[in-house]
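Listed here are the chains, written in short residue letters.
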Amino acid sequence: MTTATRVTVPRQRAAPAGDPGRRGRTEIGERVVAKIACCAAREIPEVRDARLGGVPWTRSSSAEVRGNRATVRLNVTVAYPAPLHAVAARLREHVRNRVAMQTGLDVTRLDVIMTDLSGEPE
């Protein structure tokens, strides 16, 4: 015959009162927004690389967050001979959508700086 072991479960605390939006806030750092934008940029087939740190003579990719709006600056390497204007348009749309989906921020400005071309195959 087995003996049942008795376990005491601690009492759960009461649910916080009030609207969840009024109990605190969520802040998303600028570096996080920049990383999300770089990852999203790499999802475009013609984009070979997008990094937070740029080569010495260029500025690095970055983001600035003000309230619920973000400004993003991306330095990317693009495949040669991709149509640069078309790639930039797809890149802007995709990055804006991805940042908005993951953070809830509205990207009001997205600067795309094509710092290099890559002739490597996909």
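Keep in mind it's a predicted model, so treat the numbers as computed, not measured.

Student: Would you explain the overall build of the chain in this entry?
Tutor: In terms of helices and strands, the chain carries two helices and four strands. Across the 122 residues that make up the chain, the buried fraction comes to 29%. For the chain, contacts bridging at least 24 residues in sequence account for 69% of all contacts bridging at least 6. Of the roughly 9200 Å² of accessible surface on the chain, 50% is carried by carbon and sulfur atoms.

Student: Would you explain the pairing of strand S4 (residues 106–118) in this entry?
Tutor: Consecutive side chains of a regular strand alternate in pointing toward one face of the sheet and then the other. Here strand S3 (residues 69–79) pairs with S4 via 11 bridges, running parallel. Among the inter-strand pairings, Val72 is bridged to a residue of S4, identified as Leu110. Handedness of the β-α-β unit built from S3, helix H2 (residues 84–103) and S4 comes out right-handed.

Student: Sorry, what's going on with the environment of Val32 here?
Tutor: In this structure, Val32 sits in helix H1 (residues 30–42). On a C-alpha basis, the gap between Val32 and Ser62 in space is 9.5 Å, while along the polypeptide they are 30 residues apart.

Student: Got a minute to help me understand the side chain of Ser118 in this structure?
Tutor: Looking at the element boundaries, Ser118 is found in strand S4. Leave out the neighbours within four places in its chain, and Ser118 touches Arg48, Thr77, Val78, Ala79 and Tyr80.

Student: Sorry if this is basic, but what is going on with H1 here?
Tutor: Since the α-helix turns once every 3.6 residues, residues separated by three or four places project in the same direction. Its 13 residues give H1 an end-to-end C-alpha distance of 19 Å, which sits within 8% of 18 Å, the value for a rise of 1.5 Å per residue. Listed in full, the buried residues belonging to H1 are Val33, Ala34, Ile36, Ala37, Cys38, Ala40 and Ala41.

Student: In this structure, what is going on with the environment of Asn75? I would like to understand it.
Tutor: Looking at the secondary structure, you find Asn75 in strand S3. Note: C-alpha distance between Asn75 and Asp111 (36 residues apart in sequence) is 8.5 Å.

Student: In this structure, what is going on with the environment of Ala50? I would like to understand it.
Tutor: By secondary structure assignment, the location of Ala50 is in strand S1 (residues 47–50). In sequence terms Ala50 and Cys39 are 11 residues apart; their C-alpha atoms lie 7.4 Å from each other.

Student: Sorry, what's going on with the nonpolar core here?
Tutor: The tendency in soluble globular proteins is for nonpolar side chains to be buried side by side. In this structure, Val33, Val72, Leu74, Val76, Leu91 and Val95 are the most contacted members of the largest nonpolar core, which totals 27 residues. For this core, the element with the highest residue contribution is H1, accounting for seven residues. Ignoring any residue separated from it by four or fewer positions in sequence, one finds Leu74 in contact with Ala37, Cys38, Ala41, Ser61, Val95, Leu110, Asp111, Val112 and Ile113.

Student: Help me understand the pattern of salt bridges in this model?
Tutor: Between side chains of opposite charge, pairing is possible as soon as their charged atoms come close. All told, the structure shown has six salt bridges when counted by the stated rule. A salt bridge links Glu46 to Arg90; its shortest N-O distance comes to 2.3 Å. Taken together, the residues Glu46 in the loop between H1 and S1 and Arg90 in helix H2 connect sequence positions 44 residues apart. One network of salt bridges, in which partners are shared, links Arg42, Asp49 and Arg51.

Student: I tried to follow the pairing of strand S2 (residues 62–66) on my own but got confused; where do I start?
Tutor: Only one face of S2 is covered, namely the one carrying Ala63 and Val65; the face carrying Ser62, Glu64 and Arg66 has none of its residues buried. Of the pairings in the sheet, the one linking S2 to S3 comprises five bridges and is antiparallel in character. Among the inter-strand pairings, Glu64 is bridged to a residue of S3, identified as Thr71. The hairpin formed by S2 and S3 contains two residues between the paired strands, and Gly67 there has a positive phi angle of roughly 65 degrees.

What counts, and where the lines are drawn
- Residues numbered from 1 in each chain as written.
- Predicted model: local features only at pLDDT ≥ 70, side-chain atom pairs only at ≥ 80, totals over all residues.
- Heavy atoms only, no water.
- Helix = DSSP H or I, 4+ residues; strand = E, 2+ residues; numbered from the N terminus.
- Buried < 20%, exposed > 50% of the residue type's maximum accessible area, 1.4 Å probe, protein only.
- Contact = heavy atoms within 4.5 Å.
- Areas by Shrake-Rupley, 256 points an atom, 1.4 Å probe, with all protein chains shown as cover.
- Pairing = 2+ DSSP bridges.
- Right-handed = clockwise from strand over helix to strand, strands pointing away.
- Expected span 1.5 Å × (residues − 1).
- Core = buried A, V, L, I, M, F, W, Y, C linked by side-chain atoms within 4.5 Å.
- Salt bridge = Lys/Arg side-chain N within 4 Å of Asp/Glu carboxyl O.

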